[in-house]
Amino acid sequence: MLKRDFIMIQIEELAKVVLQIITNRNTNATRHTPELIQTVYNSLKLDRPTLMTAQPEELVNGGILRLEIAVKTLIEESYLYPDEEQAMLRKAKMLLEYIQKHDNTFSLERVNMLNELGRRIL
């Protein structure tokens, strides 16, 4: 029980970092965004190359919430790399669809993210 509570607190803290990344993007204060993204990836023990190449089944071992935070981070990172943006967005969409299919809860936020990805993917 304590371990699960600790993990949930860590996930909440990572979600706050992702929110800060989004806020920075929306206010054009992106100077610290790369290091914030790296903080999230380090905490999740992931990186962009792994997210881009691994199958969803390999990534979900840490849990659906962990993967969802990684996907949000990948989406935010796509703003930093215009040359790789489309590939990153396609992968994020594929991972979100996997999460949506395999999670037991409905998420309107995920549906909205999928819609937004659909608009951004050429």
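Residues numbered from 1 in each chain as written. Predicted model: local features only at pLDDT ≥ 70, side-chain atom pairs only at ≥ 80, totals over all residues. Heavy atoms only, no water.

Peer 1: Help me get a handle on the overall build of the protein chain, residues and values and all.
Peer 2: Counting its regular elements, the protein chain contains seven helices and zero strands. Along its sequence from the N terminus, the protein chain presents helices and strands in the succession α-α-α-α-α-α-α. By the compact-globule yardstick of 14 Å for 122 residues, the protein chain fits well, its C-alpha radius of gyration being 14 Å. When its C-alpha atoms are laid out on the principal axes, the protein chain stretches across 45 × 30 × 25 Å. (Helix = DSSP H or I, 4+ residues; strand = E, 2+ residues; numbered from the N terminus. Rg over C-alpha atoms; globule rule 2.2 N^0.38 Å.)

Peer 1: Now, about the side chain of Asp103: what can you tell me, with residues and values included?
Peer 2: Along the chain, Asp103 turns up in the loop between α6 (85–102) and α7 (108–120). Note on Asp103: relative accessible area 19%, which makes it buried. Here Thr105 takes part through its side chain, which lies 2.9 Å from a polar atom of the side chain of Asp103. Within the structure, Asp103 has its side chain in polar contact with the side chain of Arg110 (distance 2.5 Å). With sequence-adjacent residues up to four places away left out, Asp103 is seen in contact with Ile64 and Arg110. (Buried < 20%, exposed > 50% of the residue type's maximum accessible area, 1.4 Å probe, protein only. Polar contact = N/O pair within 3.5 Å; in protein donor to acceptor, adjacent residues only side chain to side chain. Contact = heavy atoms within 4.5 Å.)

Peer 1: Hey, could you go over the packing of α6 against α7 for me, with residue numbers and the actual values?
Peer 2: Relative orientation of the contacting elements α6 and α7 amounts to 150°, with a least axis distance of 10 Å. It follows from the interaxial angle that α6 and α7 lie roughly antiparallel. Like other packed secondary-structure pairs, α6 and α7 cross with a definite hand, here left-handed. Contacts from Glu85, Gln86, Leu89, Ala92, Lys93, Leu96, Glu97, Ile99 and Gln100 in α6 reach Arg110, Val111, Met113, Leu114, Leu117 and Arg120 in α7. Of the residues assigned to the contact of α6 with α7, the class counts are eight nonpolar, two polar and five charged. (Axes fitted to C-alpha atoms, helices over the stretch in contact; angles between N-to-C directions. Parallel < 35°, antiparallel > 145°, perpendicular 65-115°, else oblique. Left-handed = near helix turned anticlockwise from the far one by under 90°. Nonpolar A, V, L, I, M, F, W, Y, C, P; charged D, E, K, R; others polar.)

Peer 1: Break down the confidence of the model for the protein chain for me, with residues and values.
Peer 2: The predicted model of the protein chain averages 93 in pLDDT, with 99% of residues at 70 or higher. Across the protein chain, the element-wise mean pLDDT spans from 88 in helix α1 (residues 2–26) up to 97 in α6. (pLDDT = per-residue confidence, 0-100.)

Peer 1: Can you tell me about the nonpolar core, naming the residues and giving the values?
Peer 2: Val40, Leu51, Val71 and Leu96 are the most contacted members of the largest nonpolar core, which has 33 residues in total. Elements with a contribution of two residues or more to this core: α1, α2 (33–44), α5 (64–78), α6 and α7. For Leu51, the contacting residues outside a window of four places in its chain are Tyr41, Leu46, Leu59, Leu67, Ala70, Leu74, Lys91 and Leu95. (Core = buried A, V, L, I, M, F, W, Y, C linked by side-chain atoms within 4.5 Å.)

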